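# Structural overview for review
One-letter residues, chain by chain:
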Amino acid sequence: MFDFKITDNGELVSNDLDSTSDTAKGDELLRQLALCRIKSVTGDWFNEPNLGADLEDFLGRVNNQNTLKEIVDRIEDSLIDIVPRDNIFVIPKVDKEFFEFAVFIRTYSEKPIVINVTLDIVSGVEVKYGINSQ
């Protein structure tokens, strides 16, 4: 299975040698799919109307353990069509003004995929790939 390769900002990656589009396969494809699902809002994808974590729904919500659990569930639910739930690990960090999550996805290679999600309850959502992406 493969897909067009896109940057973390959603731009199509092209091969400069022959002007064709690069492709993502294996763990790279899994990382790309996971980032897209976590970042997406339901309805963003014309052929997948239920795809997306809808994390923007939590902006302005009370910063407590119930909201934290709902966000973790939403992240996991957005990924279960591409990753078994047993391969998804979400580690939350609660701060006064924002939620942070380290999302680990077990892969077939030695290194897990790590996606950092920050949800500032006032200003917005930020999703980045890698452990030290902040």
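Everything below is about the structure printed above this text.
Just so it is clear, the structure is predicted and the values come from calculations on it, not from any experiment.

### Quick look at the packing of helix H1 (residues 26–39) against helix H2 (residues 65–79)
The geometry of a pair of packed helices is captured by two quantities: the angle between their axes and the separation between those axes. At their nearest, the axes of H1 and H2 sit 9 Å apart, and the two run at 135° to each other. One finds that H1 runs oblique with respect to H2. Two packed elements cross with a definite hand, and for H1 against H2 that hand is right-handed. On H2, the residues touching Ala34, Arg37 and Ile38 of H1 are Ile75, Ser78 and Leu79. Looking at the contact of H1 with H2 residue by residue, the classes come out as 4 nonpolar, 1 polar and 1 charged.

### Regarding the packing of aromatic side chains
Throughout the structure, instances matching the rule amount to 1 aromatic pair. Here the aromatic rings of Phe99 and Phe101 are separated by 6.2 Å at their centres, their planes lie at 20°, and the arrangement is stacked. By relative accessible area, Phe99 is classed as buried at 0%. The class of Phe101 is buried, set by a relative accessible area of 2%.

### Notes on the pairing of strand S6 (residues 98–105)
Every other side chain in a regular strand lies on the same face of the sheet, so the side chains alternate between the two faces. For S6, the tally of buried residues reaches 6 of 8 residues, placing the bulk of the element in the interior. Pairing of strand S5 (residues 88–94) with S6 involves 7 bridges; the strand directions are antiparallel. Considered in S6, the bridge of Val94 is made with Phe99. The antiparallel pairing of S5 with S6 creates a hairpin that spans 3 residues between the two strands. Here 8 bridges tie S6 to strand S7 (residues 113–120), and the two strands are oriented antiparallel to one another. By the bridge assignment, Glu100 is partnered in S7 with Thr118.

Procedures and definitions
- Residues numbered from 1 in each chain as written.
- Predicted model: local features only at pLDDT ≥ 70, side-chain atom pairs only at ≥ 80, totals over all residues.
- Heavy atoms only, no water.
- Axes fitted to C-alpha atoms, helices over the stretch in contact; angles between N-to-C directions.
- Helix = DSSP H or I, 4+ residues; strand = E, 2+ residues; numbered from the N terminus.
- Parallel < 35°, antiparallel > 145°, perpendicular 65-115°, else oblique.
- Left-handed = near helix turned anticlockwise from the far one by under 90°.
- Contact = heavy atoms within 4.5 Å.
- Nonpolar A, V, L, I, M, F, W, Y, C, P; charged D, E, K, R; others polar.
- Phe/Tyr/Trp six-rings, centres within 6.5 Å; stacked < 30°, edge-to-face > 60°.
- Buried < 20%, exposed > 50% of the residue type's maximum accessible area, 1.4 Å probe, protein only.
- Pairing = 2+ DSSP bridges.

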